[in-house]
Amino acid sequence: LFLHCTGSGAPTVVFQGGLTTDWAGVQAKVARVTRACSYDPANGVWGRSDPARTPRTARDVVADLHALLTAAKVPGPYVLAGHSDGGLFAQLYASKHPAQVKGLVLIDAVHQNYYARRVAMLETLLPPAASHATVRALRARQPAILDPEQIDIETSLAQTRAALATAPLHPMPLFVLTHGHPDRSASNPRVDAADERLWRQLQDEIAALIPHSKHAAAKRSGHDIHHQQPELVISAVHRVVQAVRHPTSWKAR
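Residue indices follow the written sequence of each chain, beginning from 1 at its first position. Since the coordinates come from a predicted model, pLDDT governs what is reported: local features require at least 70, and pairs of side-chain atoms require 80 or more to be given and counted, while whole-chain, interface and lining totals use all residues. Side-chain figures throughout are based on the complete set of non-hydrogen atoms in the structure, without hydrogens or water.

**Regarding the sheet that holds strand β7 (residues 214-218)**
Two strands make a pair as long as DSSP finds a minimum of two bridges between them. Helix and strand assignments come from DSSP, with helices taken as H or I runs of at least 4 residues and strands as E runs of at least 2, each series counted from the N terminus. Taken in spatial order, the seven strands line up as β1-β3-β2-β4-β5-β6-β7 in an open sheet, and their pairing is mixed. Each edge of the open sheet is held by one strand with a lone partner, namely β1 (2-6) and β7. The sheet shows a mean angle of 20° between the axes of neighbouring strands, direction not considered. Every residue pair with non-hydrogen atoms within 4.5 Å of one another is taken to be in contact. Fitted lines through C-alpha atoms give the axes, limited to the stretch in contact for helices. The angle between two N-to-C directions lies from 0 to 180 degrees. Sheet strands in contact with helix α3 (residues 85-96) are β2 (12-16), β4 (78-83) and β5 (101-107), and its direction is about 150° off that of β4. Across the sheet, helix α9 (residues 230-245) lies against β2, β4, β5, β6 (174-179) and β7, angled at about 165° from β5, the strand it touches most.

Next up, the structure:
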């Protein structure tokens, strides 16, 4: 696995989701105040890591990251900053390795129950034939040429649900960033609106996983907040890093 670490200091911020190049601008700013690391996952498009057998699951990704940080002797404790599926994987990592993770920044992260809740929503909004077709399309894995990572999202969600049920996230600084400008699918406006309501509700539920979490909307961003409003991600990471260093400052702000 290709790993890119910059800066110095503790805690170490580890970015999860996409490639090192996706985090370059954010990492450069974070590295001014603490050590920051990003990596290319196995099978990532244009990534510099070796391939791995597919399909992959959240458990595989977490095992890879844990082995990578151990082999590279990257010092803890860690603040995990995860985007989208990477936010789901960050939750699983924090559940499995609670002693290592002292803070989380979840950037439009996937909720452990997203798939099941979305399927249930579609079944109430669409006629049976249309809902069945939509659910089949959701469950169909894209060919490797379009999706080289081949993440089995249903299994990944189930793994994360089981882990969080057994080992809930321990109290720590948590900052949730949610998109405020939906990426429209140009399909069914009614479904789009319901999707957006569900996503926001699930983001609220992610923020509720830990007491005293912070939750902010990126009003000018779609799903890729770290590209469209990177300054919000940088600020959130800085605040969590400072809270890890000075725990009493978190609740007071």
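**Regarding the state of the cysteines**
To count as a disulfide, a pair of cysteine sulfur atoms needs to be within 2.5 Å. The final tally for this structure, using the stated rule, is one disulfide. With its sulfur 2.1 Å from that of its partner, C5 forms a disulfide with C37. The chirality of the disulfide connecting C5 with C37 is right-handed, given an S-S dihedral of about 115°. With C5 in strand β1 and C37 in strand β3 (residues 36-40), this residue pair connects regions lying 32 residues apart in the sequence. Only protein chains enter the calculation, and the probe is 1.4 Å; a residue is then buried if its accessible area is under 20% of its type maximum, exposed if over 50%, and partly exposed in between. C5 gets classed as partly exposed once you look at its relative accessible area, which sits at 24%.

**Focus on the side chain of D152**
Relative to the elements of secondary structure, D152 occurs in the loop between α5 (128-139) and α6 (153-166). The class for D152 is buried, based on a relative accessible area of 16%. Distance and chemistry together define a polar contact, namely a pair of N or O atoms within 3.5 Å, with one atom able to donate a hydrogen and the other to accept it when in protein, and with adjacent residues in sequence counting only for side-chain atoms on both sides. A polar contact of 3.4 Å, which involves the side chain of D152, links it to the backbone nitrogen of E154.

**Quick look at the packing of aromatic side chains**
Here is the rule: rings of Phe, Tyr and Trp (six-membered ring for Trp) pair when centre to centre is within 6.5 Å. Planes less than 30 degrees apart are stacked, more than 60 are edge-to-face, and the remainder are tilted. Tallying each qualifying case throughout the model produces two aromatic pairs. Their ring planes at 20° and their centres at 4.8 Å tell us that F15 and W23 sit as a pair that is stacked. Here F15 and W23 have matching classes, each one buried. Ring centres of Y114 and W199 lie 5.3 Å apart, and the angle between their planes is 85°; this geometry places the pair in the edge-to-face category. Placement of Y114 in helix α4 (residues 114-125) and of W199 in helix α7 (residues 189-207) is noted, with a sequence separation of 85 residues between them. A ring has a charge above it when a Lys NZ or an Arg CZ is no more than 6 Å from the ring centre and no more than 35 degrees off the ring normal. Directly above the ring of F2 sits R48, whose terminal nitrogen or CZ lies 3.9 Å from the centroid. Note that K214 overlies the ring of W250, its terminal NZ or CZ placed 4.8 Å from the centroid.

**Concerning the environment of L146**
One can find L146 in the loop between α5 and α6. Using a relative accessible area of 60% as the deciding quantity, one classes L146 as exposed. Sequence separation between L146 and V62 is 84 residues; the distance between their C-alpha atoms is 23 Å.

**Side note on the pattern of salt bridges**
For this analysis, a salt bridge means a side-chain nitrogen from Lys or Arg found within 4 Å of a carboxyl oxygen belonging to Asp or Glu. Applying the stated rule across the entire model yields eight salt bridges. Among the salt bridges present, the one from R220 reaches E231, with a minimum N-O distance of 3.4 Å. Here R220 is found in the loop between β7 and α8 (225-228), whereas its partner E231 is found in helix α9, with eleven residues between them in sequence.

**Thoughts on empty space enclosed by the protein**
The distinction between a cavity and a pocket rests on a 1 Å grid over the protein atoms alone: a 1.4 Å probe fits inside a cavity but cannot get out, while a pocket stays open yet meets protein on both sides within 12 Å along at least five of seven lines, and a residue with an atom within 4 Å of a point counts as lining. Grid points are joined across faces, edges and corners, and a volume is the space filled by probe spheres set on the points. Enumeration over the complete set of coordinates arrives at one cavity of 30 Å³ or more. Put simply, the largest cavity is a space of about 60 Å³. Looking at the largest cavity, the residues that line it are Y39, P41, A42, R56, V61, D64, E149 and I151. We call Asp, Glu, Lys and Arg charged. Ala, Val, Leu, Ile, Met, Phe, Trp, Tyr, Cys and Pro are nonpolar, and the rest, Gly among them, are polar. Here the lining of the largest cavity is built from residues that sort into five nonpolar, no polar and three charged.

Function cannot be read off these values alone, since they describe shape.
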